[in-house]
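Working through the structure, step by step
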Amino acid sequence: MACAINATTIMSSSTQSLIPHKLNLSSNNLIHPSMSIEPSQHSINYSSRPRLSTMWKEIQGSKNWNNLINPLSPLLRQELIRYGDFVTACYKACDLDTSSKMYSKCKHAKNNMFEEVGMDNCGYTITKYIYATPEIGIQAKDGAWIGYIAVSSDNESARIGRRDILVSFRGTVTRCEWIANFMSSLSPARLHPDNPRPEIKVESGFLSLYTSSNNGSKFCQESCREQLLSEISRLMNKYGGNDHEEMSISLAGHSMGSSLALLLGYDLAELGLNYGVPITVYSFGGPRVGNIGFKKRCEELGVKVLRVVNVHDPVTKLPGVFLNENFRVFGDETSCYAHVGVELGLNFFKMKNPACVHDLEAYLGLLKFPKKKKKKKSSIGYNLVESAWKKSLLSLQNIDAWPWHDAARQVGDLVQSLGF
């Protein structure tokens, strides 16, 4: 799989020279119907589990997770936990002390971050930190650290069956990011220089985080997008020339981070910079990102998305409370939000701790320690979610620096106030 990319020119006028004329992408466009299930309560029989090295393509979504969701495959559950832990590492490593000079930055150097967060045996090496700043007039001085790019080691690649390029994104923690999240309007993505496809629209706040730069910033003179595309292109150059080694691109994120992961997956596939390497997005508690046109295009390009969703999590119902793929009051396909991919529904809620509905640790906790199924499940009504969203907007003045647990607590308070 040979490829040669001049990463420094990705965003220049010569971008078209980097885009392959033909994309060697999987063309299975049928998305498995979303479903809401709970993991099996039975213990996992590890002795009978198939090896990941022989099943990794199916686990990455090559067959749209058919027969792997309900009941939940132990091997898929293992991989969801593994990628979820990579996202948790972002939260653990991010400095959330507003009085610190390193506020919103990573507390550790790339070469020892995994060790510092207790993941020194994860089998991956971090190659680049990623920073972002929204173009909303109140940018952070130096931008905020939102995640990292890593690549699997030789030994880990042998275990999982391929060389894996991983991008992990944390969720919202800073004021700028919260405001960007609340910018609920659709804007044309226009990420391909030769074919802007104006009918493909994405949420403007997420797009701003993804594409904005700040010349006065130490870390964000290049946009989040430029940082990501250049480093992934470099890694493709480094590892893509080995015809005897298969590769994958895995993008994982929680909440806002899942939105950035999906934008990146679409961007790579639209530009053809993945060179036929399968792209999989693991989304934990993610909101809608784009319109129905965006959803259809992601499917056409073969971007695989597995959304892990708590049925009680209001964030997963937003944006597009009244304009979405299931409930259209006004507008056509270009103005309606739509989720992308296959849904794995979890069901957890605690009256004593409503914050758990959006907490990543709670998501992973249920995957690690499945609970018994409940006979009856409830969902959050559209009108109640809209009310919660409005209350969140009114509370913006008090969100200068919510730590991630506090952010989840705010979501929980909103749900609790609605009587759930």
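Under the annotation held in an unreviewed UniProt entry, the protein carries the name Galactolipase DONGLE, chloroplastic-like and is attributed to Dioscorea cayennensis subsp. rotundata. Looking at the protein in UniProt, the text filed under Sequence similarities (unreviewed entry) is "Belongs to the AB hydrolase superfamily. Lipase family." Checking UniProt for the protein, the heading Subcellular location (unreviewed entry) contains the comment "Plastid, Chloroplast".

1. Some points on the packing of aromatic side chains
Applying the stated criterion to the full structure yields eight aromatic pairs. Measuring from ring centre to ring centre gives 4.9 Å for Phe-86 and Tyr-124, while their planes differ by 65°; the resulting arrangement is edge-to-face. You can see Phe-86 sitting in helix H2 (residues 74–93) and its partner Tyr-124 sitting in strand E2 (residues 124–132), a full 38 residues away along the chain. Considered together, Phe-86 and Tyr-124 belong to a single accessibility category, that of buried residues. Pairwise contacts between aromatic rings join Tyr-83, Phe-86, Phe-114, Tyr-124, Tyr-148 and Tyr-282 into one cluster. In this structure, Lys-110 packs its charged tip against the face of Tyr-129, placed 6.0 Å from the ring centre.

2. Some words on the pairing of strand E7 (residues 247–254)
Across the eight residues that make up E7, a large majority, eight, are buried. Both faces of E7 are covered, namely the face carrying Met-247, Ile-249, Leu-251 and Gly-253 and the face carrying Ser-248, Ser-250, Ala-252 and His-254. With helix H8 (residues 256–271) bridging E7 and the parallel strand E8 (residues 279–284), this β-α-β connection has right-handed handedness.

3. Remarks on the nonpolar core
As a rule of thumb, soluble globular proteins bury nonpolar side chains together. Core analysis: the largest hydrophobic core is formed by 51 residues, its most contacted members being Met-113, Trp-145 and Tyr-148. By residue number, the principal contributor to this core is H2, which donates eleven residues. If we skip the residues at most four places from it in the chain, Met-113 touches Ala-89, Ala-93, Cys-106, His-108, Ile-126, Tyr-129, Trp-145 and Tyr-148.

4. Observations concerning unusual backbone geometry
In the segment running from Asn-70 into Pro-71, the intervening peptide bond is cis, with an omega of 5°. Relative to the assigned elements, Pro-71 resides in the loop between helix H1 (52–59) and H2. The residue Arg-197 is not glycine, and still its phi comes out positive at about 45°. Within the secondary structure, Arg-197 sits in the loop between strand E5 (186–188) and strand E6 (201–203).

5. Remarks on the environment of His-312
Note that His-312 resides in the loop between strand E10 (304–310) and strand E11 (337–338). Since its relative accessible area comes to 8%, His-312 is described here as buried. The spacing of His-312 and Phe-348 is 36 residues in sequence and 7.1 Å in space, taken between C-alpha atoms. A polar contact of 2.9 Å, which involves the side chain of His-312, links it to the side chain of Asn-347.

Criteria and thresholds
- Sequence order as written defines the numbering, with residues in each chain counted from 1.
- Selection of residues for local features in this predicted model requires a pLDDT of at least 70, selection of side-chain atom pairs for listing and counting requires 80 or more, and totals for whole chains, interfaces and linings are taken over all residues.
- Where side-chain values are given, they derive from all heavy atoms of the structure, hydrogens and water being excluded.
- UniProt positions are given in the numbering used here, feature names are shortened, and annotations may be inferred rather than shown by experiment.
- Classification of ring pairs rests on two measures: the distance between centres of Phe, Tyr or Trp rings, Trp counted by its six-membered ring, which must be within 6.5 Å, and the angle between planes, read as stacked under 30 degrees, edge-to-face over 60 and tilted in between.
- Only DSSP runs of H or I reaching four residues or more are called helices, and only runs of E reaching two or more are called strands; each is numbered from the N terminus.
- Each residue is assigned to one of three classes by its accessible area relative to the maximum for its type, calculated with a 1.4 Å probe on protein chains only: buried under 20%, partly exposed between the two thresholds, exposed over 50%.
- Here, a charge over a ring is recorded when the distance from Lys NZ or Arg CZ to the ring centre is within 6 Å and its angle to the ring normal is within 35 degrees.
- With the strands pointing away from the viewer, any crossover whose connection runs clockwise from the first strand over the helix to the second is right-handed.
- Put simply, a nonpolar core is a bunch of buried Ala, Val, Leu, Ile, Met, Phe, Trp, Tyr and Cys residues held in one set by side-chain atoms that sit within 4.5 Å of each other.
- Contacts: residue pairs with any heavy atoms within 4.5 Å of one another.
- Nitrogen and oxygen atoms within 3.5 Å of one another constitute a polar contact, given that in protein one can donate a hydrogen and the other can accept it, and given that sequence-neighbouring residues count only through two side-chain atoms.

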